[in-house]
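Residue strings, one per chain:
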Amino acid sequence: MNIWQLVKVGGFTMFVLLASSVLSIAIILERIIFYRNKSRLKCKDFMQKIRQEIKKVSLNPAKKICEEANAPFARVVYAGLNFFDCSEKEISNNMERQIIIETTILERFTSIIGTIGSIAVYIGLFGTVLGIIRAFHDISASGSGGISVVISGISEALACTAAGLCVAVPAVVAYNYFMKKIDDFIKDMELAASETMDLLSAIKK
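Regarding the overall build of the protein chain
Right, on to step 1. In terms of regular secondary structure, the protein chain is built from eight helices and zero strands.
Right, on to step 2. Going from N to C terminus, the protein chain has its helices and strands arranged as α-α-α-α-α-α-α-α.
Right, on to step 3. The buried share of the protein chain, taken over its 205 residues, is 40%.
Right, on to step 4. For the protein chain, the share of sequence-separated contacts (at least 6 apart) that also reach a separation of at least 24 residues comes to 77%.

Below, the structure is given as structure tokens:
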């Protein structure tokens, strides 16, 4: 059977899985592109430039470097530099707030991928159960059957489970990958915030 025949055999459950698959693929591609753009700049190289400017007590050039950088940790450092005239507690709090904001942006749509990965198998199993019930009902109504008829009905019903697995596996893999990327971004932001705090404290003394 081709894909369209499988969709027709599976009924509305297959349409739900097909829609989930399209949504999952769209989000996966969007997130991959998003994370790739955010990870082009290495935190170590960025902080080296910031360190050189701050040691010169040149905050405006450091801010300009932050503005030109397309990375979450750059905005965290920028948030700290903007509060240079405030107390260390206020600088630290502002950078922590920015880390939360950036983390929220990084996590956008990932919960949808996680949900699809978790429930796609169950949706497929639900479709399989309905298909088996329908197969046995048709055999009972017609009054004729045989092992070949039963196997044919069950094989068609199992298409839903197979489709559920095809949707769930890529979604789970992508979700785990995204969680690892987000953890890496958070580590970079926390390290950048900590180093920025030390640099600002040093030039204030």
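Here's the deal with the environment of T115
Right, on to step 1. Within the secondary structure layout, T115 lies in helix α7 (residues 110-142).
Right, on to step 2. Residues T115 and V172, 57 residues apart in the sequence, show an inter-C-alpha distance of 8.9 Å.

Notes on unusual backbone geometry
Right, on to step 1. The backbone of F109 shows a phi angle near 75°, a positive value even though the residue is not glycine.
Right, on to step 2. Structurally, F109 can be placed in the loop between α6 (88-106) and α7.
Right, on to step 3. The partly exposed category is assigned to F109, whose relative accessible area is 37%.

Examining helix α5 (residues 72-82)
Right, on to step 1. The buried fraction of α5 is high, at eight of eleven residues.
Right, on to step 2. Restricting attention to buried positions, one finds in α5 the residues P72, F73, A74, V76, V77, A79, G80 and L81.

Notes on the pattern of salt bridges
Right, on to step 1. Summed over the entire model, instances satisfying the criterion amount to four salt bridges.
Right, on to step 2. Across the pair R31 and E30 runs a salt bridge, and its minimum N-O distance is 2.7 Å.
Right, on to step 3. On the accessibility criterion, R31 (1% relative accessible area) is buried.
Right, on to step 4. Where K180 meets D184, a salt bridge forms, and the shortest distance between an N and an O atom there is 3.0 Å. Note that K180 and D184 are positioned in helix α8 (residues 147-204) at a spacing of four residues, about one turn of the helix.
Right, on to step 5. In this structure K180 comes out as partly exposed when scored by relative accessible area, which is 48%.
Right, on to step 6. Look at D184 and you get partly exposed, because its relative accessible area is 27%.

Here is what the cut-offs are and how they apply
- Residues numbered from 1 in each chain as written.
- Predicted model: local features only at pLDDT ≥ 70, side-chain atom pairs only at ≥ 80, totals over all residues.
- Heavy atoms only, no water.
- Helix = DSSP H or I, 4+ residues; strand = E, 2+ residues; numbered from the N terminus.
- Buried < 20%, exposed > 50% of the residue type's maximum accessible area, 1.4 Å probe, protein only.
- Contact = heavy atoms within 4.5 Å.
- Salt bridge = Lys/Arg side-chain N within 4 Å of Asp/Glu carboxyl O.

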